[in-house]
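This is what each chain is made of:
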Amino acid sequence: MHSLIETLKESSQDFEFYPTTDEIIRRVACDIRDHYMVSRNCFSILDIGAGNGKVLSGISKFFGVKPECYAIEKSPILKELIDKNFYVIGTDFHEQSLLDKNISITFCNPPYSDFNTWATRIIRESASQLIYLVIPERWKGHVDIMGALDYRQAEYKVLGEYDFLQADRQARAKVNLICVELSGEKDDAFDRFFKS
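Residues numbered from 1 in each chain as written. Predicted model: local features only at pLDDT ≥ 70, side-chain atom pairs only at ≥ 80, totals over all residues. Heavy atoms only, no water.

*Asks:* Hey, could you run me through the sheet that holds strand β7 (residues 171-181) in this one?
*Replies:* To summarise the sheet geometry, strands pair through backbone hydrogen bonds and adopt either a parallel or an antiparallel arrangement. The strand order across the open sheet formed by 7 strands is β3-β2-β1-β4-β5-β7-β6, and the pairing between neighbours is mixed. With one partner strand each, in any of the chains shown, β3 (87-90) and β6 (155-164) form the two edges of the open sheet. Mean inter-strand twist for the sheet, computed between neighbouring axes without regard to direction, equals 20°. When strand β5 (residues 130-136) meets β7, the two strands line up antiparallel, connected through 7 bridges. Opposite Tyr132, over in β7, you have Cys179 as the bridge partner. (Pairing = 2+ DSSP bridges. Helix = DSSP H or I, 4+ residues; strand = E, 2+ residues; numbered from the N terminus. Axes fitted to C-alpha atoms, helices over the stretch in contact; angles between N-to-C directions.)

Shown next, in the form of structure tokens:
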């Protein structure tokens, strides 16, 4: 991992790459299994800022069956490391539309220097039923995120509190894993966007 980080830095492609920990990936997979996907044999998942594809690989391994896996990743170096069976559907998050991506689950461990912008936009625009975000624990103090939750009439829960002290790339960040569940009624992000 150290060698990969150095290569990313030398190529100006780091973009705050802090791989999601195995503990967080397991918690996401358990939540999908236990509460939302019990009766479904297949589902689709999009990882925004997918890095080397570790989350998508971990979710696939957990279920033993490959869900349809999609990624958005900016770094060409990291994109090359993503499993070739996963679909890279975009590079720059800020140039992508989420409104038209009919994917069951969206996951994101965004750059913490801009987590408010990323989380707000994902909540406002995602067409997924479930959104998992790994964001700094101070997120509740951000009016934009709370406004996006209100705008989508979304329910959320904190699935756990974590840190990156023992991670592949260590950091002192304290984070929450949150799950955002969009309203039970058909909530078409595309229609909602044009009605507001």
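Back to the write-up after that little detour.
*Asks:* Could you clarify how one ought to interpret helix α6 (residues 143-151) in this entry?
*Replies:* An α-helical turn contains 3.6 residues, so any two residues separated by three or four positions project in the same direction. All of the buried residues along α6 are Ile145, Ala148, Leu149 and Tyr151. The buried residues of α6 occupy an angular sector of 160° when the element is viewed end-on, so they sit on one face. With respect to the buried face of α6, the exposed residues turned more than 90 degrees away are Val143 and Asp150. Trailing α6 by a residue or two, Gln153 shows a phi angle of about 50°, which is positive. (Buried < 20%, exposed > 50% of the residue type's maximum accessible area, 1.4 Å probe, protein only. Arc of directions from axis to C-beta.)

*Asks:* Looking at this structure, I do not really get the environment of Lys157. What am I missing?
*Replies:* By secondary structure assignment, the location of Lys157 is in strand β6. Lys157 gets classed as partly exposed once you look at its relative accessible area, which sits at 31%. With 21 residues separating them in the primary sequence, Lys157 and Ile178 have C-alpha atoms 5.6 Å apart.

*Asks:* Sorry if this is basic, but what is going on with the packing of helix α5 (residues 115-125) against α6 here?
*Replies:* The axes of two packed helices give the description: the angle between them and the distance between them. In the contact formed by α5 and α6, the axes pass within 9 Å of each other and the chain directions differ by 5°. Taken together, the axes of α5 and α6 lie roughly parallel to each other. Side by side, α5 and α6 meet where Phe115, Asn116, Ala119, Thr120, Ile123 and Arg124 of the first sit next to Asp144, Ile145, Ala148, Leu149 and Tyr151 of the second. Broken down by class, the residue content of the contact of α5 with α6 amounts to 7 nonpolar, 2 polar and 2 charged. (Parallel < 35°, antiparallel > 145°, perpendicular 65-115°, else oblique. Contact = heavy atoms within 4.5 Å. Nonpolar A, V, L, I, M, F, W, Y, C, P; charged D, E, K, R; others polar.)

*Asks:* Would you explain the packing of aromatic side chains in this entry?
*Replies:* In this description, a pair of aromatic rings is defined by centroid distance and the angle of the planes. What the rule picks out here adds up to 6 aromatic pairs. Relative to Phe63, the ring of Phe43 lies with its centre 5.2 Å away and its plane at 75°, an arrangement referred to as edge-to-face. With a gap of 20 residues between them, Phe43 in the loop between α2 (22-36) and β1 (44-48) and Phe63 in helix α3 (residues 54-63) connect regions that are remote in the sequence. A relative accessible area of 7% means that Phe43 is categorised as buried. Phe63 sits in the partly exposed class, given a relative accessible area of 25%. Measuring from centroid to centroid gives 5.2 Å for Trp139 and Tyr156, while their planes differ by 85°, and the two rings are edge-to-face. With Trp139 in the loop between β5 and α6 and Tyr156 in strand β6, this pair connects stretches of sequence that are 17 residues apart. (Phe/Tyr/Trp six-rings, centres within 6.5 Å; stacked < 30°, edge-to-face > 60°.)

By themselves these figures say nothing about function.
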